[in-house]
Every structure is written in C-alpha cells, then in structure tokens.
Amino acid sequence: METLSKKRLLILGGTSDATKLAARASFIPGVDVLTSLAGRTRQPHALIGNVRIGGFGGAAGLAGYLRDREINFLIDATHPYAVQISFNAAEAANECNLPHLMLVRPPWEKQEGDRWIEVESNEAAAIVLSKQAERVFLTIGRQELAAYAHLDDIWFLMRMIDPPAAEALIPNGKLLLDRGPFTLENEQKLLIAYQIDAIASKNSGGDATYAKIVAARELEIPVVMVQRKLQPAVEQVADIESAIRWLLNQL
C-alpha cells in the first residue's frame, strides 16, 4: 500500500505560543512540523519537532526556502513587535500561494486605575521618561536599549532574558536576567525594593509578564507603553486553539 506523504507546516517561532502550537500540531496525523527561530534568544524554550535557527534573507529568501522545503502551510507566531519578519512572511506566502496565518496574542487593554502613557516608539518613550522619572523599570528587551542610553539622569532596572552584546550601548543602571512568567507578589516586591517611579514596556500581551502591569496599577506607578506597529493585512487568530482549527481545515 502506498504511504501518503505528510503535509509540511512551517511555524515562525520565538514566543511561548509558538512552542505550544508546535507541540499541539505535532500530534496531528499527516503533519510534519518545522519551527524556525531567529536565534536572538540564547536558551529558547524546548521545542517538539524539527527546528531551524537563523534568518532567511528577507522575503525572497523565505520564499525560496518555502519552495525548497516544499512547505504546505505557514503560521507566523513571532513576537508582536517582530514586524519585519511578519511582512516578509506575508509577501513570501503570497508569492508561493501558500495558506498563511498569523497567531497574534491580543494586546493588553487599559483598565481602571492604570496610569498609561501610550507612545509610538522607544524614542518617544525616552522623551516622556526624561521629563518625569528618576528610577525606571525598563522591560523592552535587549535589542533597543540604546534608545534610552542618553538619559544620564535616570537609573534603569533593565530586565531581559539574555544580556545585551558586549559592545551594546546601554543606559545607566542594573541588568536583571530573568524569564517569565512573573507573579504579582514578586513584581510588587521588585518595584518597591528598587524604588521604581515609572515603567517602560511594550504592549506584548499575554499572561507571562502582565503581573508588572497589575503591580504598577496597585502601586499607582505610571507605565510608558510602546504601542504595536502596523501588521500585514493577513488572516489572524488570537489563540492556539483557533490556529489548530485553521490548520485542520487546510488538510
């Protein structure tokens, strides 16, 4: 009897949602799962299935990879702020005529008691902080620290998963290497212990780091919130279950 070949799913990963999606999809009969990571996190979550690490060389490189590996479906589960790869994915999937989905966790929504100052960029956040803060909890990752490095009058507590490169330009303060999820109790203790008077954060969404937002609300600390940038106009879902249903409908 002839064995039917498996359909190949490429997941563009880098988030905990991508890790969970890969695990779920690997149990679907007839689906071969491959997850691609950019390689920016030194110790990523353990993944089920095949994994590749590194870039593609833009939309053209990704399109070539999709053809070479005979990929049948593409799910973009990258970080909400990794907009360039998302646009590259949309262009490559369109060129290859592939079913393409974005798994995008919903952004946090402002609640009563939140003291958010919403800005469009880290550069804009730095301007706001320069006028009203002295000790800042900076939770924007390690890639964009340079936007705050000129603020000599502010002390920063900078939390990230991996340390910045040795030659990176970083603000004055302390590096805190840690990975969520974080508890409300610990976030409150951290803000109090370091006498934090403002937080700078991306609106990443999800539960893993939301405790800092709740802690800021309860301690009446302002949050300078860097908003998400425009994303490609492609089909999107907000949770893993919906992504799995989409995939099953493609088979």
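Described below are features of the structure shown in this document. This is a predicted model, so every value here is computed, not measured.

## Comments concerning the overall build of the protein
And step 1. Regarding its fold elements, the protein presents seven helices and twelve strands.
And step 2. Against the globule reference of 18 Å for 251 residues, the protein gives a C-alpha radius of gyration of 20 Å, in line with a compact fold.
And step 3. Summarising its shape, the C-alpha atoms of the protein cover approximately 70 × 35 × 30 Å along the three principal directions.
And step 4. Counting across all 251 residues of the protein, residues that qualify as buried make up 47%.
And step 5. Sequence separation of at least 24 residues holds for 68% of the intrachain contacts in the protein that already meet a minimum separation of 6.
And step 6. Taken as two groups, the 26 positive and 30 negative side-chain charges of the protein have centres that lie 4 Å from each other.

## So, the pattern of salt bridges
And step 1. Under the defined criterion, the tally for this structure stands at seven salt bridges.
And step 2. Two residues, D17 and R105, come together in a salt bridge whose shortest N-O distance is 3.7 Å. One end of the pair, D17, is in helix 1 (residues 16-25); the other, R105, is in the loop between strand 5 (100-103) and strand 6 (116-119), and 88 residues separate them in sequence. Accessibility classification places D17 together with R105 in one group, the buried group.
And step 3. The shortest N-O distance in the salt bridge between E187 and R159 comes to 2.8 Å. In this pair, E187 sits in helix 5 (residues 184-193) while R159 sits in strand 8 (residues 155-160), placing the two residues 28 residues apart along the sequence.
And step 4. According to the relative accessible area criterion, E187 is buried, its value standing at 2%.
And step 5. Overall, R159 belongs to the buried group, its relative accessible area being 7%.

## Re the sheet that holds strand 3 (residues 50-53)
And step 1. If you trace the six strands from one edge of the open sheet to the other, you get 3-2-1-4-5-12, paired in parallel fashion. Of all strands in the sheet, those bounded by a partner on one side alone are strand 3 and strand 12 (236-237).
And step 2. Across four bridges, strand 2 (residues 31-37) lies against strand 3 in parallel orientation. Looking across to strand 3, one finds that T35 is bridged to V51.
And step 3. Contacting strand 1 (7-12), strand 4 (73-76) and strand 5, helix 3 (residues 83-96) crosses the sheet at an angle of about 160 degrees to strand 5.
And step 4. Packed onto the sheet, helix 7 (residues 240-250) meets strand 1, strand 4, strand 5 and strand 12 and runs at close to 170 degrees relative to strand 4.

## Topic: unusual backbone geometry
And step 1. With an omega dihedral of 15 degrees, the bond running from G180 to P181 counts as a cis peptide bond.
And step 2. Looking at the secondary structure, you find P181 in the loop between strand 9 (173-177) and helix 5.
And step 3. Unlike most non-glycine residues, E220 shows phi in positive territory, near 60 degrees.

## A few points about the sheet that holds strand 7 (residues 135-139)
And step 1. Reading across the sheet, the six strands line up as 6-11-10-7-8-9 and stay open at both edges, with parallel pairing between neighbours. A single partner strand is all that each edge strand has here, and the edge strands are strand 6 and strand 9. Ignoring which end each strand starts from, the neighbouring axes of this sheet average 20 degrees apart.
And step 2. Note: strand 6 against strand 11 (residues 223-226), four bridges, orientation parallel. The residue of strand 11 that forms the bridge with W116 is V223.

## Topic: helix 7
And step 1. By the burial criterion, the buried members of helix 7 are I240, S242, A243, I244, W246 and L247.
And step 2. Those residues of helix 7 that are buried are in contact with strand 1, helix 1, strand 4, strand 5 and strand 12.
And step 3. Put simply, D239 is the residue that caps the front of helix 7, since its side-chain oxygen is 3.3 Å from the backbone nitrogen of E241.

## As for the packing of helix 5 against helix 6 (residues 211-219)
And step 1. Where helix 5 contacts helix 6, the axes come no closer than 8 Å and their chain directions differ by 55 degrees. When the axes of helix 5 and helix 6 are compared, the pair comes out oblique. Seen from above, helix 5 lies across helix 6 with right-handed handedness. Mapping the contact onto sequence places L184, E187, Q188, L191 and I192 in helix 5 and A211, K212, V214, A215, A216, E218 and L219 in helix 6.
And step 2. Grouping the constituent residues of the contact of helix 5 with helix 6 by class yields eight nonpolar, one polar and three charged.

What counts as what
Residues numbered from 1 in each chain as written. Predicted model: local features only at pLDDT ≥ 70, side-chain atom pairs only at ≥ 80, totals over all residues. Heavy atoms only, no water. Helix = DSSP H or I, 4+ residues; strand = E, 2+ residues; numbered from the N terminus. Rg over C-alpha atoms; globule rule 2.2 N^0.38 Å. Buried < 20%, exposed > 50% of the residue type's maximum accessible area, 1.4 Å probe, protein only. Contact = heavy atoms within 4.5 Å. Lys, Arg positive; Asp, Glu negative; His and termini not counted. Charge placed at Lys NZ, Arg CZ, Asp CG, Glu CD. Salt bridge = Lys/Arg side-chain N within 4 Å of Asp/Glu carboxyl O. Pairing = 2+ DSSP bridges. Axes fitted to C-alpha atoms, helices over the stretch in contact; angles between N-to-C directions. Polar contact = N/O pair within 3.5 Å; in protein donor to acceptor, adjacent residues only side chain to side chain. Parallel < 35°, antiparallel > 145°, perpendicular 65-115°, else oblique. Left-handed = near helix turned anticlockwise from the far one by under 90°. Nonpolar A, V, L, I, M, F, W, Y, C, P; charged D, E, K, R; others polar.

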